[in-house]
2 protein chains.
Amino acid sequence: MDSQTLDTVFSALSDPTRRGLLARLAEGEQNVVQLTAAFDISQPAISRHIRILDEAGLVRREKRGRETFVMAQTDAARGAAAWLDHYVRFWSQHFDRMDDILSRQQEDRDDR
Amino acid sequence: MDSQTLDTVFSALSDPTRRGLLARLAEGEQNVVQLTAAFDISQPAISRHIRILDEAGLVRREKRGRETFVMAQTDAARGAAAWLDHYVRFWSQHFDRMDDILSRQQEDRDDR
DNA sequence: CAAATTCATAACAATTCTGTTATGGATTCG
DNA sequence: CGAATCCATAACAGAATTGTTATGAATTTG
């Protein structure tokens, strides 16, 4: 997952309405009218949020007749999760080493 | 981890310079001059990025004399990682069930 | 103590984001 | 077929973001 994709995915996830949309979509696909009903903002605003999620690869849209169904898409989220996980692990290791060093120093002092 | 914290953490992570700062800090604490040297933008711009990371709980600042040392902080990243993980798992389950249903239907057809 | 270093903040400009209302194309309903 | 429904896009306003330069307080250095 390249840097620009991380930009758009994390940016997409940084808005509470968009996370709310994703949460709703976890229950299954919904059309735009259904999604709009769940929030307190206008339909065009929802349409735009959906578009941003789409561009980030977090949802997929499918037009059937006059309705547009929106469904969650996991790949982009998995990529971002992997990135975060990687860094959390890396930092943790670093801190573990730090703790190790600190506790060794403590032992050294205790030994005196 | 509450919604507003997720806002600030994901938003902080959505900028490539800030992710770059975090990557550098994984190697250990650095002062502002050192961090500024690693990027092609001004010191005040770096200072502001650091502040945003700080407010998101992704780094900690420690002033020693005239220098400010910056170090990565894992808790906020862990929280965001947990959120992402939760949803990825949830969606995956959903899709697994879908796959299950779809393949059962396929079997039904095969049985005919 | 004067000069240099470190870094935060203010002031500003350019750009992007997020909402609104207005509108209209496409599709479905009666 | 005319009316209603679904939803995307345009145009706009206000707020937020990200960079810049200018500046100065605090600290260290020579």
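Data block above holds the structure.
Quantities reported herein were computed from a predicted structural model and do not represent experimental measurements.

Reading the values: the criteria
- Residues numbered from 1 in each chain as written.
- Chains lettered and ligands numbered in written order.
- Predicted model: local features only at pLDDT ≥ 70, side-chain atom pairs only at ≥ 80, totals over all residues.
- Axes fitted to C-alpha atoms, helices over the stretch in contact; angles between N-to-C directions.
- Helix = DSSP H or I, 4+ residues; strand = E, 2+ residues; numbered from the N terminus.
- Parallel < 35°, antiparallel > 145°, perpendicular 65-115°, else oblique.
- Contact = placed C-beta atoms within 7 Å.
- Nonpolar A, V, L, I, M, F, W, Y, C, P; charged D, E, K, R; others polar.
- Core = buried A, V, L, I, M, F, W, Y, C linked by C-beta atoms within 7 Å.
- Buried ≥ 20, exposed ≤ 12 C-beta atoms within 10 Å, placed from the backbone.
- Near = placed C-beta within 6 Å.

A. Expanded view of the packing of helix α2 (residues 16-25) of chain B against helix α4 (residues 43-55) of chain B. Residues and elements named next belong to chain B. At a minimum axis distance of 10 Å, the contact between α2 and α4 shows a crossing angle of 75°. Compared by their axis directions, α2 and α4 come out roughly perpendicular. Counting all contacts with α2, which are made through Thr17, Arg18 and Leu21, the residues of α4 involved are His49, Ile50, Ile52 and Leu53. Considering only residue class, the contact of α2 with α4 consists of four nonpolar, two polar and one charged.

B. Spotlight on the nonpolar core. Counting 50 residues, the largest nonpolar core has Ala80(A) and Ala80(B) as the members making the most contacts within it. Excluding residues that lie within four positions of it along the chain, Ala80(A) makes contacts with Leu6(A), Val9(A), Phe10(A) and Leu84(B).

C. Main features of the protein's contact with DNA strand D. Around DNA strand D, 23 residues are found, and the nearest of them are Val32(A), Pro44(A), Ser47(A), Ser42(B) and Gly65(B). For the surface near DNA strand D, the elements supplying multiple residues, two or more each, are α3 (32-37), α4 (43-55) and β3 (67-72) of chain A together with α4 of chain B. A per-class count over the surface near DNA strand D returns eight nonpolar, nine polar and six charged.

D. Structural view of the protein's contact with DNA strand C. For DNA strand C, the set of nearby residues contains 22 residues, the closest of which are Ser42(A), Gly65(A), Val32(B), Pro44(B) and Ser47(B). If you list the elements that add at least two residues to the surface near DNA strand C, you get α4 of chain A together with α3 (32-37), α4 and β3 (67-72) of chain B. Its residues assigned to classes, the surface near DNA strand C shows eight nonpolar, eight polar and six charged.

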